[in-house]
Amino acid sequence: MALALAASGAVRAAPAAATPPDSVRLVGRTFGFKPPGRFESPRWVMIRSILVPGWGQLHNGSWLKALAVAAGEGALGYNMIKDLDELDRLSAQVHAARVANDAEAELTAVAAYNDRQSALVGRQWLLGGVLVYAMVDAYVDAHFRHFDFEFKHDPALPEGVPVRPEARLSFRWSF
């Protein structure tokens, strides 16, 4: 930034020269990389996964994961609706047993109601877990969507040295 002395004696900043175009976008276009649009960001891909089951995975090209997520969310949602209908029916049974003053039928209906309620809560937690998995998976895969890396020969190794796969297991104990 250049400083200029104004006629009034005050120091003012001189107008800056025209700024060059964004160098990152210029370099990206030079090498054939198209910068992602606004709705291509990982955040938007994650939001897609929230709105429609499997949409984020489809956008990332993970067809099998998209099918699994959509099937899982659909099956859990269907079973939760069935549970709610059954809870309404069991609640009516409990009410009918109370009106008839039949304690044994009431206890049986209450036990069945509680069992179905527990199954519903379990399915709700499972659906929440599937939703969180779908969101995180879509977000992470969106970051690695254009990542092209193959495990090839390491150029740091001399020619002729085979690359052997290895696995390590470690165990730590701290107090």
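None of the values given here were measured: they were computed from a predicted structure. (Residues numbered from 1 in each chain as written. Predicted model: local features only at pLDDT ≥ 70, side-chain atom pairs only at ≥ 80, totals over all residues. Heavy atoms only, no water.)

## A word on helix α4 (residues 63–99)
In a regular helix each residue adds 1.5 Å, so 37 residues correspond to 54 Å; α4 covers 54 Å between its end C-alpha atoms and thus fits that length. Among the residues making up α4, those that are buried are A66, V69, E73, L76, M80, D83, E86, L87, L90, V94 and A97. In this fold, the buried residues of α4 make contact with α3 (55–60) and α5 (103–143). N101 lies just past α4 and shows a positive phi near 60 degrees. (Helix = DSSP H or I, 4+ residues; strand = E, 2+ residues; numbered from the N terminus. Expected span 1.5 Å × (residues − 1). Buried < 20%, exposed > 50% of the residue type's maximum accessible area, 1.4 Å probe, protein only. Contact = heavy atoms within 4.5 Å.)

## Section: α5
An α-helix turns once per 3.6 residues; consequently, residues spaced three or four apart project the same way. Its 41 residues place the ends of α5 60 Å apart at the C-alpha level, agreeing with the 60 Å of an ideal helix rising 1.5 Å per residue. Contacts made by the buried residues of α5 are with α2 (42–51), α3 and α4.

## Notes on the confidence of the model for the protein chain
In the predicted model, the protein chain carries a mean pLDDT of 79, and the fraction of residues at 70 or more is 66%. For the protein chain, the element scoring lowest by mean pLDDT is helix α1 (residues 23–30), at 48; α4 scores highest, at 95. Note that residues 26–31 has pLDDT below 50 and, in this model, 1 contact with residues that lie over four places away or in other chains. (pLDDT = per-residue confidence, 0-100.)

## Topic: the packing of aromatic side chains
Aromatic ring pairs are described here by two measures, namely the spacing of the ring centres and the angle between the planes. Taken as a whole and judged by the stated rule, the model has 0 aromatic pairs. Over the face of the ring belonging to W55 we find R48, whose NZ or CZ atom lies 5.3 Å from the ring centre. (Phe/Tyr/Trp six-rings, centres within 6.5 Å; stacked < 30°, edge-to-face > 60°. Lys NZ or Arg CZ within 6 Å of the ring centre and 35° of its normal.)

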